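The primary structure of each chain is shown beneath.
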Amino acid sequence: MTIETPQINALNANLPTPPGERLWTAALEQTRSRSPASFEQWFSSVQYDGFETGVLSLTARDEFVRDWVKAHFLPDLLGHLARMAGEANPASLRVKWNISNGLDRPVCQPRRRNSEPPASIPPSSGLPSGRRSDRPSRYSRAQLTAVLNPKHTFPNFVVGPSNELAHAAAFASAGGGGPRYNPLFIAGGTGLGKTHLMHAIAHKVLDERPDARIVYVSAEHFTNEFIEALQHHKMDEFRARYRTDCDLLLVDDIQFLAGREQTQEEFFHTFNALHDADRPIIVTSDKYPQQLQRMPERLVSRFTSGLVADIQTPQLETRVAIVRKKAELEGIDLSDEVAVMLAQSVQSNVRELEGALIRLAAKSSLTGRQIDEEFTLGELAMVSPRRPELMSVEDIQRAVCGHFRLSNSDLLSKDRHKSVAFARQVAMYLCRQRLKCSFPELGRAFGNRDHTTVMSAVRRVEALRQRDPQVNAHLEAIEQRLASSEG
Ligand code: ADP
Ligand code: MG
(Lines give C-alpha, C1' and ligand atoms only; values in the text may rest on other atoms or scores of the structure.)
(Ligands and ions follow the chains in the order given, each with its own letter.)
Protein backbone atom coordinates (compact mmCIF):
# COMPACT_ATOMS: atom_id res chain seq x y z
CA MET A 1 0.00 0.00 0.00
CA THR A 2 1.31 3.43 -0.79
CA ILE A 3 1.47 6.07 1.84
CA GLU A 4 2.07 9.80 1.60
CA THR A 5 2.27 12.45 -1.04
CA PRO A 6 5.98 12.71 -1.74
CA GLN A 7 7.64 16.08 -1.98
CA ILE A 8 9.40 17.35 -5.05
CA ASN A 9 13.05 17.00 -4.15
CA ALA A 10 14.21 20.12 -5.89
CA LEU A 11 12.14 22.21 -3.49
CA ASN A 12 14.11 20.89 -0.59
CA ALA A 13 17.41 21.90 -2.05
CA ASN A 14 19.33 24.45 -0.10
CA LEU A 15 19.77 27.86 -1.61
CA PRO A 16 21.17 29.29 -3.74
CA THR A 17 19.56 27.30 -6.54
CA PRO A 18 21.05 27.49 -10.05
CA PRO A 19 18.82 29.55 -12.39
CA GLY A 20 17.94 26.64 -14.69
CA GLU A 21 16.85 24.59 -11.73
CA ARG A 22 14.68 27.39 -10.42
CA LEU A 23 12.80 27.53 -13.70
CA TRP A 24 12.49 23.77 -13.76
CA THR A 25 11.15 23.65 -10.20
CA ALA A 26 8.60 26.36 -10.87
CA ALA A 27 7.43 24.71 -14.11
CA LEU A 28 7.25 21.36 -12.33
CA GLU A 29 5.05 22.79 -9.58
CA GLN A 30 2.60 24.03 -12.19
CA THR A 31 2.43 20.62 -13.83
CA ARG A 32 2.21 18.77 -10.55
CA SER A 33 -0.71 20.83 -9.29
CA ARG A 34 -2.89 19.40 -12.09
CA SER A 35 -2.78 15.84 -10.84
CA PRO A 36 -0.54 15.37 -7.82
CA ALA A 37 -0.97 11.64 -7.34
CA SER A 38 -0.19 10.45 -10.86
CA PHE A 39 2.55 13.06 -11.15
CA GLU A 40 4.24 11.61 -8.09
CA GLN A 41 3.88 8.09 -9.33
CA TRP A 42 5.75 8.83 -12.57
CA PHE A 43 8.21 11.39 -11.36
CA SER A 44 9.58 9.08 -8.69
CA SER A 45 11.17 7.32 -11.67
CA VAL A 46 12.54 10.44 -13.32
CA GLN A 47 15.59 12.47 -12.42
CA TYR A 48 16.35 16.07 -13.34
CA ASP A 49 19.93 16.52 -14.55
CA GLY A 50 19.94 20.12 -15.71
CA PHE A 51 18.40 22.83 -17.83
CA GLU A 52 20.83 24.96 -19.78
CA THR A 53 20.77 26.81 -23.08
CA GLY A 54 17.34 25.48 -23.94
CA VAL A 55 18.22 21.84 -23.29
CA LEU A 56 16.46 19.94 -20.53
CA SER A 57 18.32 16.83 -19.37
CA LEU A 58 16.35 14.06 -17.72
CA THR A 59 16.97 10.45 -16.77
CA ALA A 60 14.18 7.88 -16.71
CA ARG A 61 14.32 4.54 -14.95
CA ASP A 62 13.36 2.74 -18.16
CA GLU A 63 11.95 3.35 -21.63
CA PHE A 64 8.41 2.79 -20.49
CA VAL A 65 8.61 5.60 -17.95
CA ARG A 66 10.33 7.86 -20.49
CA ASP A 67 7.62 7.31 -23.10
CA TRP A 68 4.81 7.80 -20.63
CA VAL A 69 6.26 11.01 -19.24
CA LYS A 70 6.97 12.22 -22.77
CA ALA A 71 3.40 11.64 -23.86
CA HIS A 72 1.50 12.67 -20.75
CA PHE A 73 3.53 15.28 -18.93
CA LEU A 74 6.10 16.86 -21.22
CA PRO A 75 3.79 18.95 -23.41
CA ASP A 76 2.39 20.72 -20.38
CA LEU A 77 5.72 20.93 -18.57
CA LEU A 78 7.59 22.28 -21.59
CA GLY A 79 4.85 24.84 -22.09
CA HIS A 80 5.41 26.17 -18.56
CA LEU A 81 9.16 25.95 -18.89
CA ALA A 82 9.18 27.83 -22.18
CA ARG A 83 6.96 30.55 -20.77
CA MET A 84 9.21 30.93 -17.74
CA ALA A 85 12.36 30.93 -19.83
CA GLY A 86 10.85 33.63 -22.04
CA GLU A 87 10.59 31.41 -25.11
CA ALA A 88 7.50 31.95 -27.21
CA ASN A 89 7.52 28.42 -28.52
CA PRO A 90 7.95 25.27 -26.38
CA ALA A 91 9.20 23.47 -29.49
CA SER A 92 12.39 25.52 -29.24
CA LEU A 93 13.31 23.57 -26.10
CA ARG A 94 15.08 20.26 -26.47
CA VAL A 95 14.90 17.31 -24.11
CA LYS A 96 17.85 15.00 -23.68
CA TRP A 97 16.87 11.66 -22.15
CA ASN A 98 19.11 9.15 -20.40
CA ILE A 99 18.00 5.75 -19.18
CA SER A 100 19.36 4.43 -15.90
CA ASN A 101 17.99 1.97 -13.44
CA GLY A 102 19.59 3.60 -10.40
CA LEU A 103 18.37 7.17 -9.82
CA ASP A 104 20.28 9.07 -7.12
CA ARG A 105 17.92 12.02 -6.98
CA PRO A 106 14.46 11.17 -8.32
CA VAL A 107 12.19 14.18 -8.73
CA CYS A 108 9.76 12.72 -6.17
CA GLN A 109 10.57 10.36 -3.36
CA PRO A 110 9.73 6.81 -4.37
CA ARG A 111 6.59 5.63 -2.66
CA ARG A 112 7.14 3.66 0.48
CA ARG A 113 5.73 0.24 1.06
CA ASN A 114 4.04 -0.81 4.23
CA SER A 115 6.48 -3.64 4.67
CA GLU A 116 9.08 -1.05 5.64
CA PRO A 117 9.27 -0.67 9.39
CA PRO A 118 7.52 2.48 10.63
CA ALA A 119 9.83 5.18 11.92
CA SER A 120 10.05 5.07 15.68
CA ILE A 121 7.86 7.48 17.57
CA PRO A 122 8.02 8.44 21.19
CA PRO A 123 5.64 6.38 23.30
CA SER A 124 3.27 9.09 24.42
CA SER A 125 1.54 11.89 22.58
CA GLY A 126 1.54 15.45 23.79
CA LEU A 127 -2.00 15.81 22.55
CA PRO A 128 -4.54 15.44 25.30
CA SER A 129 -7.07 13.10 23.80
CA GLY A 130 -4.90 10.56 21.97
CA ARG A 131 -5.29 7.12 23.52
CA ARG A 132 -2.48 4.80 22.59
CA SER A 133 -2.61 1.06 22.35
CA ASP A 134 0.31 -1.34 22.55
CA ARG A 135 0.15 -2.50 18.94
CA PRO A 136 2.70 -0.98 16.55
CA SER A 137 1.59 2.33 15.06
CA ARG A 138 1.07 2.86 11.32
CA TYR A 139 2.32 6.37 11.76
CA SER A 140 5.65 7.48 10.37
CA ARG A 141 7.07 10.90 11.06
CA ALA A 142 9.65 10.46 8.32
CA GLN A 143 6.86 10.18 5.75
CA LEU A 144 5.35 13.39 6.97
CA THR A 145 8.53 15.43 6.88
CA ALA A 146 9.29 14.10 3.41
CA VAL A 147 6.09 15.65 2.07
CA LEU A 148 6.24 19.01 3.82
CA ASN A 149 7.79 21.89 1.95
CA PRO A 150 10.31 23.30 4.46
CA LYS A 151 9.61 26.84 3.23
CA HIS A 152 5.86 26.65 3.81
CA THR A 153 5.92 27.86 7.40
CA PHE A 154 3.93 30.49 9.31
CA PRO A 155 6.81 32.99 9.39
CA ASN A 156 7.04 32.75 5.59
CA PHE A 157 3.32 33.37 5.10
CA VAL A 158 2.42 37.00 4.43
CA VAL A 159 -0.78 38.03 6.18
CA GLY A 160 -3.12 40.60 4.66
CA PRO A 161 -6.84 41.35 4.61
CA SER A 162 -7.42 38.66 1.98
CA ASN A 163 -6.18 35.80 4.14
CA GLU A 164 -6.08 36.99 7.74
CA LEU A 165 -9.00 34.92 8.98
CA ALA A 166 -7.68 31.72 7.41
CA HIS A 167 -4.22 32.46 8.77
CA ALA A 168 -5.46 33.20 12.30
CA ALA A 169 -7.63 30.08 12.34
CA ALA A 170 -4.80 27.91 11.01
CA PHE A 171 -2.42 29.34 13.58
CA ALA A 172 -4.93 28.63 16.35
CA SER A 173 -5.40 25.03 15.14
CA ALA A 174 -1.68 24.59 15.42
CA GLY A 175 -1.89 25.59 19.07
CA GLY A 176 -0.81 29.17 18.47
CA GLY A 177 -3.56 30.67 20.64
CA GLY A 178 -7.06 31.93 19.99
CA PRO A 179 -10.20 29.87 19.65
CA ARG A 180 -9.71 26.53 17.97
CA TYR A 181 -12.41 25.40 15.62
CA ASN A 182 -12.95 21.80 14.67
CA PRO A 183 -13.16 21.25 11.80
CA LEU A 184 -11.45 24.16 10.13
CA PHE A 185 -12.42 24.44 6.47
CA ILE A 186 -10.17 26.68 4.36
CA ALA A 187 -11.71 27.68 1.03
CA GLY A 188 -9.99 29.63 -1.73
CA GLY A 189 -8.99 29.70 -5.38
CA THR A 190 -5.93 28.02 -6.76
CA GLY A 191 -2.49 29.33 -5.83
CA LEU A 192 -3.70 31.45 -2.93
CA GLY A 193 -1.87 29.70 -0.09
CA LYS A 194 -4.12 26.89 1.17
CA THR A 195 -1.46 24.19 0.96
CA HIS A 196 1.10 26.59 2.41
CA LEU A 197 -1.11 27.04 5.50
CA MET A 198 -1.61 23.27 5.85
CA HIS A 199 2.14 22.67 5.79
CA ALA A 200 2.64 25.55 8.22
CA ILE A 201 0.24 23.92 10.71
CA ALA A 202 2.10 20.62 10.41
CA HIS A 203 5.51 22.28 10.86
CA LYS A 204 4.41 24.17 13.94
CA VAL A 205 2.78 21.21 15.64
CA LEU A 206 5.75 19.05 14.79
CA ASP A 207 8.17 21.58 16.26
CA GLU A 208 6.25 21.93 19.48
CA ARG A 209 4.96 18.41 19.95
CA PRO A 210 7.32 16.09 18.10
CA ASP A 211 5.37 13.00 19.10
CA ALA A 212 2.05 14.22 17.69
CA ARG A 213 0.86 11.92 14.93
CA ILE A 214 0.02 14.24 12.08
CA VAL A 215 -1.39 12.94 8.83
CA TYR A 216 -1.25 15.31 5.86
CA VAL A 217 -2.80 13.94 2.70
CA SER A 218 -4.44 15.20 -0.47
CA ALA A 219 -8.00 13.97 -0.99
CA GLU A 220 -6.77 12.37 -4.19
CA HIS A 221 -4.18 10.41 -2.29
CA PHE A 222 -6.70 9.44 0.38
CA THR A 223 -8.88 8.06 -2.39
CA ASN A 224 -6.06 6.07 -3.97
CA GLU A 225 -5.00 4.63 -0.64
CA PHE A 226 -8.57 3.69 0.16
CA ILE A 227 -8.98 1.86 -3.15
CA GLU A 228 -5.72 0.03 -2.65
CA ALA A 229 -6.68 -0.94 0.88
CA LEU A 230 -9.98 -2.33 -0.39
CA GLN A 231 -8.27 -4.28 -3.15
CA HIS A 232 -5.67 -5.78 -0.86
CA HIS A 233 -7.96 -6.39 2.12
CA LYS A 234 -6.06 -3.93 4.26
CA MET A 235 -8.91 -1.83 5.54
CA ASP A 236 -7.90 -2.40 9.16
CA GLU A 237 -4.54 -0.82 8.49
CA PHE A 238 -6.10 2.00 6.54
CA ARG A 239 -8.53 2.76 9.35
CA ALA A 240 -5.83 2.56 12.00
CA ARG A 241 -3.75 5.07 10.08
CA TYR A 242 -6.57 7.60 9.71
CA ARG A 243 -8.55 7.02 12.89
CA THR A 244 -6.67 5.55 15.82
CA ASP A 245 -3.10 6.49 14.88
CA CYS A 246 -3.89 10.06 13.96
CA ASP A 247 -3.89 13.06 16.32
CA LEU A 248 -4.29 15.70 13.66
CA LEU A 249 -5.67 15.20 10.15
CA LEU A 250 -4.95 17.64 7.31
CA VAL A 251 -6.78 16.88 4.06
CA ASP A 252 -5.90 19.06 1.09
CA ASP A 253 -8.21 19.71 -1.88
CA ILE A 254 -11.30 17.93 -0.57
CA GLN A 255 -13.19 18.88 -3.77
CA PHE A 256 -11.51 15.83 -5.28
CA LEU A 257 -14.01 13.61 -3.42
CA ALA A 258 -16.84 14.92 -5.64
CA GLY A 259 -18.92 12.02 -6.89
CA ARG A 260 -16.71 9.37 -5.24
CA GLU A 261 -19.40 7.94 -3.05
CA GLN A 262 -17.58 5.08 -1.43
CA THR A 263 -14.59 7.25 -0.51
CA GLN A 264 -16.96 9.91 0.79
CA GLU A 265 -18.58 7.31 3.01
CA GLU A 266 -15.20 6.23 4.35
CA PHE A 267 -14.12 9.81 4.87
CA PHE A 268 -17.38 10.54 6.71
CA HIS A 269 -16.61 7.80 9.25
CA THR A 270 -12.99 8.89 9.52
CA PHE A 271 -14.19 12.40 10.18
CA ASN A 272 -16.64 11.30 12.86
CA ALA A 273 -14.13 9.09 14.64
CA LEU A 274 -11.60 11.91 14.88
CA HIS A 275 -14.14 14.57 15.69
CA ASP A 276 -15.68 12.47 18.47
CA ALA A 277 -12.21 12.08 19.96
CA ASP A 278 -11.69 15.85 19.71
CA ARG A 279 -8.77 15.51 17.32
CA PRO A 280 -8.38 18.47 14.98
CA ILE A 281 -9.38 18.10 11.34
CA ILE A 282 -8.41 20.71 8.78
CA VAL A 283 -9.67 20.59 5.24
CA THR A 284 -8.98 22.79 2.23
CA SER A 285 -11.06 23.23 -0.87
CA ASP A 286 -11.25 25.40 -3.95
CA LYS A 287 -14.93 26.03 -3.17
CA TYR A 288 -17.10 26.81 -0.17
CA PRO A 289 -18.70 23.70 1.33
CA GLN A 290 -22.15 24.56 0.00
CA GLN A 291 -20.73 24.91 -3.52
CA LEU A 292 -19.08 21.50 -3.53
CA GLN A 293 -20.77 19.45 -6.15
CA ARG A 294 -21.74 15.83 -5.80
CA MET A 295 -20.90 15.88 -2.12
CA PRO A 296 -23.46 14.39 0.27
CA GLU A 297 -25.31 16.80 2.49
CA ARG A 298 -24.13 15.11 5.68
CA LEU A 299 -20.49 15.77 4.73
CA VAL A 300 -21.22 19.36 3.73
CA SER A 301 -22.91 19.94 7.06
CA ARG A 302 -19.90 18.43 8.89
CA PHE A 303 -17.63 20.80 6.99
CA THR A 304 -19.63 23.81 8.03
CA SER A 305 -19.97 22.75 11.65
CA GLY A 306 -16.69 24.38 12.73
CA LEU A 307 -15.25 27.40 10.98
CA VAL A 308 -15.20 28.09 7.25
CA ALA A 309 -12.40 30.58 6.53
CA ASP A 310 -11.82 31.83 3.03
CA ILE A 311 -8.80 33.18 1.21
CA GLN A 312 -9.38 35.83 -1.42
CA THR A 313 -7.07 37.18 -4.09
CA PRO A 314 -4.52 39.35 -2.27
CA GLN A 315 -4.58 43.12 -2.66
CA LEU A 316 -1.68 45.02 -4.14
CA GLU A 317 0.00 45.76 -0.79
CA THR A 318 -0.10 42.09 0.18
CA ARG A 319 1.19 41.04 -3.20
CA VAL A 320 4.12 43.44 -2.85
CA ALA A 321 4.88 42.01 0.60
CA ILE A 322 4.72 38.47 -0.81
CA VAL A 323 7.13 39.35 -3.62
CA ARG A 324 9.52 40.83 -1.05
CA LYS A 325 9.25 37.81 1.20
CA LYS A 326 9.86 35.36 -1.67
CA ALA A 327 12.82 37.41 -2.92
CA GLU A 328 14.30 37.37 0.57
CA LEU A 329 13.82 33.61 0.86
CA GLU A 330 15.36 32.96 -2.55
CA GLY A 331 18.22 35.40 -1.99
CA ILE A 332 17.09 37.62 -4.88
CA ASP A 333 18.05 41.27 -4.72
CA LEU A 334 15.00 43.35 -5.60
CA SER A 335 14.27 47.08 -5.43
CA ASP A 336 10.95 48.32 -4.07
CA GLU A 337 10.01 49.64 -7.51
CA VAL A 338 10.49 46.25 -9.13
CA ALA A 339 8.55 44.51 -6.35
CA VAL A 340 5.61 46.85 -6.97
CA MET A 341 5.88 46.38 -10.72
CA LEU A 342 5.69 42.62 -10.39
CA ALA A 343 2.82 42.78 -7.94
CA GLN A 344 0.91 45.07 -10.28
CA SER A 345 1.38 42.88 -13.27
CA VAL A 346 0.41 39.52 -11.75
CA GLN A 347 -2.79 39.92 -9.85
CA SER A 348 -4.77 36.77 -9.66
CA ASN A 349 -2.60 34.07 -8.22
CA VAL A 350 0.36 33.96 -5.85
CA ARG A 351 1.82 30.89 -7.52
CA GLU A 352 2.05 32.82 -10.79
CA LEU A 353 3.47 35.82 -9.01
CA GLU A 354 6.16 33.62 -7.56
CA GLY A 355 6.76 32.11 -11.00
CA ALA A 356 7.24 35.58 -12.49
CA LEU A 357 9.80 36.48 -9.82
CA ILE A 358 11.73 33.26 -10.29
CA ARG A 359 11.73 33.69 -14.03
CA LEU A 360 13.07 37.20 -13.66
CA ALA A 361 15.82 36.10 -11.30
CA ALA A 362 16.80 33.22 -13.52
CA LYS A 363 16.90 35.40 -16.62
CA SER A 364 18.94 37.99 -14.77
CA SER A 365 21.57 35.51 -13.66
CA LEU A 366 21.66 33.84 -17.07
CA THR A 367 22.19 37.12 -18.90
CA GLY A 368 24.16 38.91 -16.17
CA ARG A 369 21.72 41.81 -16.22
CA GLN A 370 20.62 43.56 -13.08
CA ILE A 371 16.94 43.30 -12.14
CA ASP A 372 16.08 46.96 -12.59
CA GLU A 373 12.85 48.57 -13.75
CA GLU A 374 13.74 48.58 -17.43
CA PHE A 375 14.74 44.92 -17.43
CA THR A 376 11.58 43.96 -15.51
CA LEU A 377 9.32 45.92 -17.80
CA GLY A 378 10.83 44.21 -20.83
CA GLU A 379 10.48 40.76 -19.31
CA LEU A 380 6.92 41.35 -18.17
CA ALA A 381 5.96 42.63 -21.59
CA MET A 382 7.38 39.46 -23.12
CA VAL A 383 5.34 37.16 -20.92
CA SER A 384 2.14 39.16 -21.18
CA PRO A 385 2.19 41.53 -24.09
CA ARG A 386 -1.22 42.85 -23.07
CA ARG A 387 -0.40 46.24 -21.60
CA PRO A 388 -3.66 46.47 -19.61
CA GLU A 389 -2.08 44.20 -17.02
CA LEU A 390 0.42 46.93 -16.28
CA MET A 391 -2.35 49.43 -15.93
CA SER A 392 -3.43 50.39 -12.46
CA VAL A 393 -6.76 51.28 -10.86
CA GLU A 394 -5.48 54.86 -10.71
CA ASP A 395 -4.93 54.95 -14.49
CA ILE A 396 -8.53 53.94 -15.07
CA GLN A 397 -9.86 56.37 -12.49
CA ARG A 398 -7.86 59.13 -14.19
CA ALA A 399 -9.24 58.29 -17.62
CA VAL A 400 -12.82 58.19 -16.32
CA CYS A 401 -12.39 61.51 -14.50
CA GLY A 402 -10.92 63.03 -17.67
CA HIS A 403 -13.83 61.83 -19.76
CA PHE A 404 -16.59 62.97 -17.40
CA ARG A 405 -14.68 66.09 -16.29
CA LEU A 406 -14.71 65.14 -12.63
CA SER A 407 -12.00 65.39 -10.00
CA ASN A 408 -10.58 62.25 -8.46
CA SER A 409 -11.98 63.22 -5.06
CA ASP A 410 -15.47 63.46 -6.61
CA LEU A 411 -15.05 59.96 -7.93
CA LEU A 412 -14.02 58.53 -4.56
CA SER A 413 -16.46 60.63 -2.50
CA LYS A 414 -19.79 59.53 -1.07
CA ASP A 415 -21.57 61.85 -3.56
CA ARG A 416 -24.67 60.05 -4.80
CA HIS A 417 -25.50 62.56 -7.51
CA LYS A 418 -26.54 60.64 -10.58
CA SER A 419 -23.75 61.74 -12.91
CA VAL A 420 -20.98 61.18 -10.33
CA ALA A 421 -22.45 57.83 -9.31
CA PHE A 422 -22.60 56.74 -12.94
CA ALA A 423 -18.97 57.71 -13.58
CA ARG A 424 -17.94 55.80 -10.47
CA GLN A 425 -19.81 52.71 -11.61
CA VAL A 426 -18.20 52.92 -15.03
CA ALA A 427 -14.75 53.15 -13.45
CA MET A 428 -15.48 50.14 -11.25
CA TYR A 429 -16.70 48.17 -14.26
CA LEU A 430 -13.59 48.98 -16.28
CA CYS A 431 -11.27 48.08 -13.40
CA ARG A 432 -13.03 44.79 -12.91
CA GLN A 433 -13.02 43.99 -16.60
CA ARG A 434 -9.49 45.02 -17.44
CA LEU A 435 -7.57 44.44 -14.22
CA LYS A 436 -9.54 41.45 -12.88
CA CYS A 437 -9.44 43.02 -9.40
CA SER A 438 -11.50 41.34 -6.69
CA PHE A 439 -14.66 43.11 -5.53
CA PRO A 440 -13.33 43.79 -2.00
CA GLU A 441 -10.12 45.18 -3.50
CA LEU A 442 -12.12 47.52 -5.72
CA GLY A 443 -14.29 48.54 -2.78
CA ARG A 444 -11.18 49.70 -0.97
CA ALA A 445 -9.79 51.46 -4.04
CA PHE A 446 -13.05 53.41 -4.40
CA GLY A 447 -13.25 55.10 -1.02
CA ASN A 448 -13.77 52.04 1.13
CA ARG A 449 -17.05 50.88 -0.29
CA ASP A 450 -18.62 47.56 0.46
CA HIS A 451 -17.83 44.82 -2.07
CA THR A 452 -21.54 44.26 -2.73
CA THR A 453 -21.82 47.89 -3.90
CA VAL A 454 -19.02 47.26 -6.37
CA MET A 455 -20.60 44.03 -7.50
CA SER A 456 -23.94 45.65 -8.30
CA ALA A 457 -22.21 48.61 -10.01
CA VAL A 458 -20.30 46.26 -12.29
CA ARG A 459 -23.41 44.26 -13.13
CA ARG A 460 -25.41 47.41 -13.80
CA VAL A 461 -22.87 48.82 -16.26
CA GLU A 462 -22.48 45.42 -17.90
CA ALA A 463 -26.23 45.28 -18.49
CA LEU A 464 -26.49 48.94 -19.58
CA ARG A 465 -23.68 48.52 -22.06
CA GLN A 466 -25.66 45.81 -23.81
CA ARG A 467 -28.85 47.76 -24.25
CA ASP A 468 -27.97 51.46 -24.15
CA PRO A 469 -25.91 52.77 -27.09
CA GLN A 470 -25.14 55.99 -25.22
CA VAL A 471 -23.53 54.08 -22.36
CA ASN A 472 -21.61 52.03 -24.86
CA ALA A 473 -20.37 55.22 -26.54
CA HIS A 474 -19.08 56.55 -23.20
CA LEU A 475 -17.26 53.31 -22.54
CA GLU A 476 -15.69 53.25 -25.98
CA ALA A 477 -14.46 56.80 -25.61
CA ILE A 478 -12.85 55.98 -22.27
CA GLU A 479 -11.33 52.82 -23.68
CA GLN A 480 -9.81 54.87 -26.45
CA ARG A 481 -8.35 57.25 -23.92
CA LEU A 482 -6.82 54.31 -22.06
CA ALA A 483 -5.44 52.84 -25.28
CA SER A 484 -3.72 56.08 -26.22
CA SER A 485 -2.22 56.49 -22.73
CA GLU A 486 -0.86 52.94 -22.98
CA GLY A 487 1.22 53.55 -26.03
P1 ADP B 1 -3.09 26.60 -3.10
O2 ADP B 1 -2.87 25.38 -2.27
O3 ADP B 1 -4.11 27.53 -2.52
O4 ADP B 1 -3.36 26.32 -4.55
P5 ADP B 1 -0.34 27.13 -2.42
O6 ADP B 1 -0.44 27.05 -0.95
O7 ADP B 1 0.29 25.99 -3.12
O8 ADP B 1 -1.75 27.46 -3.08
O9 ADP B 1 0.42 28.49 -2.78
C10 ADP B 1 1.04 28.72 -4.03
C11 ADP B 1 2.34 29.45 -3.80
O12 ADP B 1 2.07 30.76 -3.35
C13 ADP B 1 3.19 28.78 -2.74
O14 ADP B 1 4.54 28.82 -3.13
C15 ADP B 1 2.98 29.64 -1.50
O16 ADP B 1 4.12 29.68 -0.69
C17 ADP B 1 2.70 30.99 -2.11
N18 ADP B 1 1.81 31.81 -1.28
C19 ADP B 1 0.46 31.91 -1.36
N20 ADP B 1 -0.01 32.78 -0.46
C21 ADP B 1 1.06 33.25 0.21
C22 ADP B 1 1.22 34.20 1.26
N23 ADP B 1 0.18 34.83 1.81
N24 ADP B 1 2.48 34.44 1.70
C25 ADP B 1 3.53 33.82 1.13
N26 ADP B 1 3.44 32.94 0.15
C27 ADP B 1 2.22 32.64 -0.32
MG1 MG C 1 -2.90 23.37 -2.84
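Values in this document were obtained by computation on a predicted structure and should not be read as measured data.

**Focus: unusual backbone geometry**
Backbone torsion omega between Asn-182 and Pro-183 reads 0°, so that peptide bond is classified as cis. If you trace the backbone, Pro-183 turns up in the loop between helix 7 (164-173) and strand 4 (184-188). Of note in this structure, His-233 is not a glycine but carries a positive phi near 55°. Mapped onto the secondary structure, His-233 falls in the loop between helix 9 (219-231) and helix 10 (235-244). Of note, the phi angle at Asp-253 is positive, near 60°, even though the residue is not glycine. By the element assignment, Asp-253 lies in the loop between strand 6 (248-252) and helix 11 (261-276).

**As for the nonpolar core**
Across soluble globular proteins, nonpolar side chains show a tendency to be buried alongside one another. Within the largest apolar cluster, 59 residues are counted, with the highest numbers of intra-cluster contacts made by Ile-201, Ile-214, Leu-250, Ile-254, Phe-267 and Phe-303. In terms of residue count, the dominant contributor to this core is helix 8 (residues 194-208) (7 residues). Look past the residues within four positions of Phe-303 in its chain and what remains in contact with it is Pro-183, Phe-185, Ile-254, Phe-267, Phe-271, Val-283, Pro-289, Leu-292, Met-295 and Val-308. Core analysis: the second largest hydrophobic core is formed by 32 residues, Cys-401, Ala-423, Tyr-429 and Leu-464 among them.

**Side note on the packing of helix 7 against helix 8**
Between helix 7 and helix 8, whose axes approach to 9 Å, the crossing angle comes to 25°. For the element pair helix 7 / helix 8, the angle class is roughly parallel. Regarding helix 7 and helix 8, the two cross each other, and that crossing is right-handed. Side by side, helix 7 and helix 8 meet where Ala-166, His-167, Ala-170 and Phe-171 of the first sit next to Leu-197, Ile-201 and Lys-204 of the second. Here the contact of helix 7 with helix 8 is composed, by residue class, of 5 nonpolar, 1 polar and 1 charged.

**Brief notes about the site of ligand 1**
Taken together, 18 residues are adjacent to ligand 1, and Gly-191, Lys-194, His-196, Lys-326 and Glu-354 come closest. The backbone of Gly-191 places a nitrogen or oxygen atom 2.6 Å from an oxygen atom of ligand 1. Coverage of ligand 1 by the protein chains reaches 94% of its 560 Å² of free accessible surface. For the shell around ligand 1, the elements supplying multiple residues, two or more each, are helix 8, helix 13 (316-330) and helix 15 (350-367). A class-by-class count of the residues in the shell around ligand 1 yields 5 nonpolar, 9 polar and 4 charged.

**Remarks on the environment of Trp-24**
Topologically, Trp-24 is positioned in helix 2 (residues 19-34). Given a relative accessible area of 1%, Trp-24 falls into the buried group. Trp-24 sits 54 residues away from Leu-78 along the chain, and the two C-alpha atoms are 9.4 Å apart. Aside from chain neighbours lying at most four places away, what touches Trp-24 is Phe-43, Tyr-48, Leu-56, Leu-58, Leu-77, Leu-81 and Val-107.

**Regarding the side chain of Lys-326**
Mapped onto the fold, Lys-326 is located in helix 13. Excluding residues that lie within four positions of it along the chain, Lys-326 makes contacts with His-196, Glu-354 and Leu-357.

**Points about the pattern of salt bridges**
Following the criterion strictly, the structure yields 22 salt bridges and no others. A salt bridge links Arg-105 to Asp-49; its shortest N-O distance comes to 3.9 Å. With a gap of 56 residues between them, Arg-105 in the loop between strand 3 (94-99) and helix 6 (141-147) and Asp-49 in strand 1 (residues 46-52) connect regions that are remote in the sequence.

**Considerations on the packing of aromatic side chains**
According to the stated counting rule, one finds 16 aromatic pairs in the structure shown. For the ring pair Phe-267 and Phe-303, a centre distance of 6.4 Å and an interplane angle of 50° mean the geometry is tilted. In this pair, Phe-267 sits in helix 11 while Phe-303 sits in helix 12 (residues 297-303), placing the two residues 36 residues apart along the sequence. Joined through ring pairs, the aromatic side chains of Phe-185, Phe-222, Phe-226, Phe-238, Tyr-242, Phe-267, Phe-271 and Phe-303 make up one cluster. Directly above the aromatic system of Phe-256 lies the positively charged group of Arg-260, at a separation of 4.0 Å from the ring centroid. If you follow Arg-298 out to its NZ or CZ, it ends over the ring of Phe-268, 3.9 Å from the centre.

**Observations regarding the sheet that holds strand 2 (residues 55-60)**
Read across the open sheet, the 3 strands follow the order 1-2-3; overall the sheet is mixed. Of all the strands in the sheet, the pair left with one neighbour each is strand 1 and strand 3. Pairwise comparison of adjacent strand axes, ignoring direction, gives a mean angle of 20° for this sheet. Pairing analysis gives 6 bridges linking strand 1 to strand 2, with the strands arranged antiparallel. Considered in strand 2, the bridge of Phe-51 is made with Leu-56. Strand contacts of helix 4 (residues 63-72): strand 1, strand 2 and strand 3, with the helix running at about 160° to strand 3, the strand carrying the most contacts.

**Here we look at the confidence of the model for the protein**
Here the protein averages 86 in pLDDT, and 87% of its residues register 70 or above. With pLDDT under 50 throughout, residues 1-15 is counted as low confidence; its partners more than four residues away or in other chains account for 67 contacts. Low pLDDT, under 50, characterises residues 112-134; the predicted model gives this stretch 43 contacts beyond four residues in sequence or across chains.

About the thresholds
- Residues numbered from 1 in each chain as written.
- Chains lettered and ligands numbered in written order.
- Predicted model: local features only at pLDDT ≥ 70, side-chain atom pairs only at ≥ 80, totals over all residues.
- Heavy atoms only, no water.
- Helix = DSSP H or I, 4+ residues; strand = E, 2+ residues; numbered from the N terminus.
- Core = buried A, V, L, I, M, F, W, Y, C linked by side-chain atoms within 4.5 Å.
- Buried < 20%, exposed > 50% of the residue type's maximum accessible area, 1.4 Å probe, protein only.
- Contact = heavy atoms within 4.5 Å.
- Axes fitted to C-alpha atoms, helices over the stretch in contact; angles between N-to-C directions.
- Parallel < 35°, antiparallel > 145°, perpendicular 65-115°, else oblique.
- Left-handed = near helix turned anticlockwise from the far one by under 90°.
- Nonpolar A, V, L, I, M, F, W, Y, C, P; charged D, E, K, R; others polar.
- Near = heavy atom within 4 Å.
- Polar contact = N/O pair within 3.5 Å; in protein donor to acceptor, adjacent residues only side chain to side chain.
- Areas by Shrake-Rupley, 256 points an atom, 1.4 Å probe, with all protein chains shown as cover.
- Salt bridge = Lys/Arg side-chain N within 4 Å of Asp/Glu carboxyl O.
- Phe/Tyr/Trp six-rings, centres within 6.5 Å; stacked < 30°, edge-to-face > 60°.
- Lys NZ or Arg CZ within 6 Å of the ring centre and 35° of its normal.
- Pairing = 2+ DSSP bridges.
- pLDDT = per-residue confidence, 0-100.

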